[in-house]
Amino acid sequence: MQIYLPIADLPVNIFLILAMGAAVGFVSGMFGIGGGFLMTPLLIFVGIAPAVAVASVASHIAASSFSGAIAYWRRRAIDPALAGVLLCGGIIGTALGVSTFTLMRSLGQLDLMIALSYVALLTTVGGVMAWEGLRAMLRTRRGVVIPARRSGSHGWIHGLPLKMRFKRSKIYLSVIPVVVIGIFIGFLGAVMGIGGGFILVPLMIYLLRVPTSTVIGTSMVLTLVTMLFATVLHAITNHLVDAVLALILMAGGVTGAQFGARAGARIRGEQLRLLLGLLILAVGIRFAVELVLRPEDLFTIRETGVTE
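Presented here is an overview of the structure given in this document. (Residues numbered from 1 in each chain as written. Predicted model: local features only at pLDDT ≥ 70, side-chain atom pairs only at ≥ 80, totals over all residues. Heavy atoms only, no water.)

### Brief notes about the overall build of the protein chain
The number of helices and strands found in the protein chain is 10 helices and 4 strands. Going from the N terminus to the C terminus, the protein chain shows its helices and strands as β-β-α-α-α-α-α-β-β-α-α-α-α-α. Within the protein chain, buried positions represent 47% of all 308 residues. Counting contacts in the protein chain only where the partners sit at least 6 residues apart, residues at least 24 apart contribute 78% of the total. As displayed, the protein chain has an accessible area near 15,600 Å², and 67% of this comes from carbon and sulfur atoms. (Helix = DSSP H or I, 4+ residues; strand = E, 2+ residues; numbered from the N terminus. Buried < 20%, exposed > 50% of the residue type's maximum accessible area, 1.4 Å probe, protein only. Contact = heavy atoms within 4.5 Å. Areas by Shrake-Rupley, 256 points an atom, 1.4 Å probe, with all protein chains shown as cover.)

### A closer look at helix 8 (residues 212–238)
For helix 8, with 27 residues, the first-to-last C-alpha span of 37 Å sits near the 39 Å given by 1.5 Å per residue. Immediately beyond the C-terminal end of helix 8, within one or two residues, lies H239, with a positive phi of roughly 55°. (Expected span 1.5 Å × (residues − 1).)

### Section: the side chain of S174
By the secondary structure assignment, S174 is in strand 4 (residues 171–174). At a separation of 3.2 Å, a polar atom in the side chain of S174 contacts the main-chain amide nitrogen of I176. The contact partners of S174, leaving out residues within four places of it in the chain, are L160, P161, L162 and K163. (Polar contact = N/O pair within 3.5 Å; in protein donor to acceptor, adjacent residues only side chain to side chain.)

### What about helix 2 (residues 36–45)?
Counted residue by residue, helix 2 has 8 buried out of 10 residues, so it is predominantly covered. Looking only at helix 2, the buried set comprises G36, F37, L38, M39, T40, P41, L43 and I44. G47 sits one or two residues past helix 2 and shows a positive phi near 110°.

### Points about the packing of aromatic side chains
Across all of its chains, the model carries 0 aromatic pairs by this definition. One residue, R165, lies across the ring of Y172, its end atom 4.5 Å from the ring centre. (Phe/Tyr/Trp six-rings, centres within 6.5 Å; stacked < 30°, edge-to-face > 60°. Lys NZ or Arg CZ within 6 Å of the ring centre and 35° of its normal.)

### A word on the side chain of S56
You can see S56 is positioned in helix 3 (residues 50–74). Assessed through its relative accessible area of 0%, S56 is described here as buried. Among the polar contacts made by the side chain of S56, one reaches the main-chain carbonyl oxygen of V52 at a distance of 2.9 Å. For S56, the contacting residues outside a window of four places in its chain are L240, V241, D242, L245 and A246.

Okay, structure coming up:
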């Protein structure tokens, strides 16, 4: 059954898009991440223009993060002060990302920039996560116990100036690295169509020493606001948000996430990290292969600028 996507300007099989949404929702539920790093490449692989894929997935991620953020807020598992400082950087990063997105689109280099960004980010993050997960599994089999780092312990980053006390997380920390991380995640989200949770959560835990009790809920607030802001900016400046596509993805994602959460509860933590790392690495390698393969059509015609 075919359905026409007005912004993407092509017909697609509605069951294929629903299946993609369900598959990514399953992965999101299993690993506890947004899934934008997987959804955007899949849309590109089935023929949707990278610009439309990035802008439309941003709205999907924002909607998916809303219910999660509400649930964590009710459980008082969100640090409002920390979320506010992160958002100061996140809004700036999102605006810079959309500006870069628009500039590269006008120059006709947007598709290449998105592909290279995915190759660099996913192969690096996926490789590190897979290696760390494999080492953890080997240590478990050998019976080696590694003492866990205590949240709130001090590192070099805690010696930076402009400190602020975050009461809910019970940490005393400089706002400089918090704002920088917010800018970085906001920029990535706007350019690549990813929530950035699989990068943000480890940064907050291992770099900022934020307790795990507040880190996921706080990261969801940042993802929600930055992706919503990115969606609005993409819709206003580039007119690339395909609401039909986003709605179909949401319908599949909600269903798949329920099954993924049940499956994830049966798998050990180090095995989850290894599987997630391999999945991220595979997507990055797939993008790298796309860059070097000879395309079927050597020439394509696509509108790259915004006409008045």
